[in-house]
Amino acid sequence: VIPSMRSLTAEEYVEAFKSFLDHSTEHQCMDEFNKEEMPNIMARLVRCHHANHQVESASILLGGFPGSRGEQDLKMIRILQAAHPGVLIDNEIVEPNPQHVAAYKELVNQAPDLQNVSFIWHQLTSSEYEQQVKEKGMCKKFDFIHMIQMLYRVEDISNTIKFFHSCLDHHGKLLIIILSDSSGWASLWKKYRHCLPSTDCGHYITSSGIMDVLKRLSIEYHVYEFASGWDITECFIEGDPVGGLMMDFLTGTKNFLGTAPPGLRRQLQEALCQPECSSQKDGRIIFSNNLSMFVVES
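Residues numbered from 1 in each chain as written. Predicted model: local features only at pLDDT ≥ 70, side-chain atom pairs only at ≥ 80, totals over all residues. Heavy atoms only, no water.

- Labelled according to an unreviewed UniProt entry, the protein chain appears under the name HNMTL methyltransferase, originating from Bucorvus abyssinicus.
- In its Subunit (unreviewed entry) section, the UniProt record describing the protein chain reads: "Monomer." (UniProt positions renumbered as here; feature names shortened; annotations may be inferred.)

Below, the structure is given as structure tokens:
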């Protein structure tokens, strides 16, 4: 008897996400953005002490993103430190996964260069955090907020952006990183939706969806496009454990290759090979994982 298809649990998602990170340039792509664009963004951030224009402090809110253990967050903090040496950074993290919170804390404990940084962890989803802020009736203002690859999982994308935008201080910036319309994901979700199982829940949103929301909210933004790839060759090798995890990540389904009807499996593998999803390089199949970085003004 073939077991029925079901969504990934939080732990299974972390494992599948790791296989994605190991074979994609997702983090290298973010590093490129950090190197090319972030220093300018961070340089314009920090609050001044008006009497003598001394820079005093920066408040940052980092929305936990799936599979994040704080590496990208700390890179951004270090860019801010480099732009404003000696500045006190007050950093709050919203992350629902206890494993990620523990790993992040461990990373902070091992970092010798974070003396001027304070950390507050909220083990909450973004909507739970929003509810908590509204119940207290106090909205703390932040100089910088990031939402990296997390808007697929929130209940209401427009309201979430609106809320976090309202938490920005004067001259603050909100960074949203989302899959680009030029990515293979966009084609997969638009054109080949029928090849994906109905077990995975979430918003299939890419950059144009975020643009629509920001325009409706009349919020100013700049968008940067960065190319990224994901080597999915193993997805087509029968019985390959890495390929199995990749297909689980693609579909949000536990053991997709073992539980999906053969027709659906075949359809999805065919869709993944289409030129709008993937390209071939040196005999490998590279799925397009291009990212859009939105820098939103307060």
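Here the narrative resumes, following the displayed structure.
## Digging into the overall build of the protein chain
Here is step 1 of the chain: Counting its regular elements, the protein chain contains 12 helices and 12 strands.
Here is step 2 of the chain: Relative to the globule expectation of 19 Å for 298 residues, the C-alpha radius of gyration of the protein chain, 20 Å, shows essentially globular dimensions.
Here is step 3 of the chain: By principal-axis analysis of the C-alpha atoms, the protein chain measures approximately 70 × 40 × 35 Å.
Here is step 4 of the chain: When burial is assessed residue by residue, the protein chain has 51% of its 298 residues classed as buried.
Here is step 5 of the chain: Excluding contacts between residues fewer than 6 apart, the proportion of contacts in the protein chain whose partners are at least 24 apart in sequence is 80%.
Here is step 6 of the chain: Of the charged side chains in the protein chain, 26 are positive and 38 negative, and the gap between their average positions amounts to 3 Å. (Helix = DSSP H or I, 4+ residues; strand = E, 2+ residues; numbered from the N terminus. Rg over C-alpha atoms; globule rule 2.2 N^0.38 Å. Buried < 20%, exposed > 50% of the residue type's maximum accessible area, 1.4 Å probe, protein only. Contact = heavy atoms within 4.5 Å. Lys, Arg positive; Asp, Glu negative; His and termini not counted. Charge placed at Lys NZ, Arg CZ, Asp CG, Glu CD.)

## Observations regarding the state of the cysteines
Here is step 1 of the chain: One pass over the full model with this rule turns up zero disulfides.
Here is step 2 of the chain: Here Cys-139 is not cross-linked by a disulfide; its sulfur's nearest cysteine counterpart is in Cys-167, at 3.2 Å.
Here is step 3 of the chain: Cysteine Cys-277 is unpaired, with the sulfur of Cys-195 as its nearest cysteine sulfur at 9.0 Å. (Disulfide = S-S within 2.5 Å.)

## A closer look at the packing of aromatic side chains
Describing an aromatic ring pair means giving the distance of the ring centres and the angle of the ring planes.
Here is step 1 of the chain: According to the stated counting rule, one finds 23 aromatic pairs in the structure shown.
Here is step 2 of the chain: Ring geometry for Tyr-13 versus Phe-17: centroids 5.9 Å apart, planes at 15 degrees, classification stacked. In this pair, Tyr-13 and Phe-17 both sit in helix H1 (residues 10-23), four residues apart, roughly one turn of the helix.
Here is step 3 of the chain: Relative to Phe-164, the ring of Phe-163 lies with its centre 4.9 Å away and its plane at 70 degrees, an arrangement referred to as edge-to-face.
Here is step 4 of the chain: What makes Phe-164 buried here is its relative accessible area of 4%.
Here is step 5 of the chain: Here a set of aromatic residues connected by ring pairs shows up, and it is made of Tyr-13, Phe-17, Phe-20, Tyr-152, Trp-185, Trp-189, Tyr-204, Trp-230, Phe-249 and Phe-287. (Phe/Tyr/Trp six-rings, centres within 6.5 Å; stacked < 30°, edge-to-face > 60°.)

## Description of the pairing of strand E12 (residues 291-297)
Here is step 1 of the chain: Counting buried positions along E12 yields seven of seven residues, so the element is predominantly enclosed.
Here is step 2 of the chain: Pairing of strand E7 (residues 168-179) with E12, which is carried by seven bridges, proceeds in the antiparallel orientation. Opposite Leu-175, over in E12, you have Val-295 as the bridge partner.
Here is step 3 of the chain: Note that strand E8 (residues 221-226) and E12 share six bridges and pair antiparallel. Bridge pairing in E12 places Tyr-221 opposite Val-296. (Pairing = 2+ DSSP bridges.)

## Some words on the UniProt feature "binding site: substrate" (unreviewed entry) in the protein chain
Here is step 1 of the chain: In the numbering used here, UniProt assigns the "binding site: substrate" (unreviewed entry) feature to Glu-26 and Asn-289. Maximum C-alpha separation among the annotated residues is 7.3 Å over a sequence range of 264 residues, consistent with a single clustered spot.
Here is step 2 of the chain: Looking at the element boundaries, Glu-26 is found in helix H2 (residues 26-36).
Here is step 3 of the chain: Setting aside residues no more than four positions away along its own chain, Glu-26 makes contact with Phe-20, Leu-21, Gln-149, Ser-228, Asn-289 and Leu-291.
Here is step 4 of the chain: Within the fold, Asn-289 resides in the loop between strand E11 (284-288) and E12.

## Describing the side chain of Asn-91
Here is step 1 of the chain: By secondary structure assignment, the location of Asn-91 is in strand E4 (residues 88-94).
Here is step 2 of the chain: Its relative accessible area of 0% is what places Asn-91 among the buried residues.
Here is step 3 of the chain: Excluding residues within four positions of it along the chain, Asn-91 makes contact with Ile-60, Leu-62, Ile-77, Tyr-104, Val-117, Ser-118, Phe-119 and Ile-120.

## Comments concerning the pattern of salt bridges
Here is step 1 of the chain: What the rule picks out here adds up to 12 salt bridges.
Here is step 2 of the chain: Asp-31 is paired through a salt bridge with Lys-75; the nearest N and O atoms lie 2.9 Å apart. A residue pair is termed long-range when its members are at least 10 positions apart, and Asp-31 in helix H2 and Lys-75 in helix H4 (residues 71-83) qualify at 44 residues.
Here is step 3 of the chain: With relative accessibility at 31%, the residue Lys-75 sits in the partly exposed group.
Here is step 4 of the chain: Between Arg-265 and Glu-238 there is a salt bridge; the shortest N-O distance is 3.6 Å. With Arg-265 in helix H12 (residues 262-272) and Glu-238 in the loop between strand E9 (229-231) and helix H10 (241-251), this residue pair connects regions lying 27 residues apart in the sequence.
Here is step 5 of the chain: Look at the salt bridges and you will find they share partners, linking Asp-90, Glu-92 and Lys-140 into a network. (Salt bridge = Lys/Arg side-chain N within 4 Å of Asp/Glu carboxyl O.)

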